[in-house]
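What the coordinates show
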Amino acid sequence: MEQDFLKEGNQTKITENISKIASEFTGESFDLIPQILKWIHKNLKSNSDEKIKEKVFRKRTAVQIIEDGFTTGCTDVALVFIVLARAKGIPTKYVEAIRNKWMEIGDEDSIDGHVFAEVFLNGEWHIIDPTDACLKFWYDRWIIYKIGLDSWDIGIHDFQELKQKFLEFRKDF
């Protein structure tokens, strides 16, 4: 099962550039996680411009995010983390989550979700929040929507698809 999460998704292809960046990280197991997170937060700037976010939200690959030099939120950060971890041989899941509170009383115009990663190290899965650069021990305020290789793998290519799928999930929950 964990070997399935070493595969490339359409957004998380391990290119020559990805392999080159990953080669900078040394050590094994958990030693790699902070190195990858530090690289992301040092080399990719956060861009909160709504027009740019609207244009690129869920539409870029990890390679494009790195080439562009900026992230627009948790999805972008997670995609880059996932591809770099897999390039180092760490099975890594893409985890799409929805905030509990939104499931109860959320506004249809404002979606409240987050993207995590899970890494398989030392024989078990561990939750990583790449955006906050931290290890988590449970999904305390979150409900897992879907797990896959990347956003496109779970069928989300833009904000409209995200909104539609979250609303359907909430209705059926």
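One can find the structure itself at the top, above this paragraph.
Cut-offs and rules
- Residues numbered from 1 in each chain as written.
- Predicted model: local features only at pLDDT ≥ 70, side-chain atom pairs only at ≥ 80, totals over all residues.
- Heavy atoms only, no water.
- Helix = DSSP H or I, 4+ residues; strand = E, 2+ residues; numbered from the N terminus.
- Buried < 20%, exposed > 50% of the residue type's maximum accessible area, 1.4 Å probe, protein only.
- Contact = heavy atoms within 4.5 Å.
- Pairing = 2+ DSSP bridges.
- Axes fitted to C-alpha atoms, helices over the stretch in contact; angles between N-to-C directions.
- Polar contact = N/O pair within 3.5 Å; in protein donor to acceptor, adjacent residues only side chain to side chain.
- Core = buried A, V, L, I, M, F, W, Y, C linked by side-chain atoms within 4.5 Å.

**Digging into the environment of Val-119**
By the element assignment, Val-119 lies in strand S4 (residues 113–121). A residue is classified by how much of its surface remains accessible, and Val-119, at 0% relative accessible area, is buried. In sequence terms Val-119 and Ile-33 are 86 residues apart; their C-alpha atoms lie 9.1 Å from each other. For Val-119, the residues in contact, after removing those within four places along its chain, are Ile-33, Phe-81, Ile-90, Pro-91, Thr-92, Glu-124, Trp-125, His-126 and Ile-128.

**Side note on the sheet that holds strand S3 (residues 92–99)**
Remark on secondary structure: sheet strands pair via backbone hydrogen bonds, oriented parallel or antiparallel. An order of S6-S5-S4-S3-S7 is seen for the five strands of this open sheet, with the pairing classed as antiparallel. Edge positions in the sheet fall to strand S6 (134–136) and strand S7 (142–148), since each of these pairs with one other strand and no more. When the angles between neighbouring strand axes are averaged without regard to direction, this sheet yields 40 degrees. Judged from the five bridges that link them, S4 and strand S5 (residues 124–129) form a sheet pairing that is antiparallel. Of the residues in S5, the one forming a bridge with Phe-120 is Trp-125. Each of S3, S4, S5 and S7 touches helix H5 (residues 74–87); the most contacted strand, S3, lies at about 160 degrees to it.

**Overview of the side chain of His-126**
Looking at the secondary structure, you find His-126 in strand S5. The class for His-126 is buried, based on a relative accessible area of 16%. A polar contact is formed between the side chain of His-126 and the backbone oxygen of Glu-124, at a distance of 3.5 Å. With residues near it in sequence (within four places) discarded, His-126 still touches Phe-30, Ala-117, Glu-118, Val-119, Leu-121 and Leu-135.

**So, the nonpolar core**
Soluble, globular proteins show a tendency: their nonpolar side chains are buried together. If you look at the biggest cluster of nonpolar residues, it comprises 43 residues, and the most contacted ones within it are Phe-25, Ile-33, Trp-39, Ile-40, Val-80, Phe-81 and Leu-84. Element by element, the count of residues in this core is highest for H5, at ten residues. In this structure, Val-95, Ala-97, Phe-116 and Tyr-139 belong to the second largest nonpolar core, which totals six residues.

**Topic: unusual backbone geometry**
Residues other than glycine seldom take positive phi values, yet Ser-29 does so here, at roughly 50 degrees. Structurally, the position occupied by Ser-29 is in the loop between helix H1 (16–22) and helix H2 (32–43). Owing to a relative accessible area of 22%, Ser-29 belongs among the partly exposed residues under this scheme. Look at Ala-133: it is not a glycine, yet its phi comes out positive at around 55 degrees.

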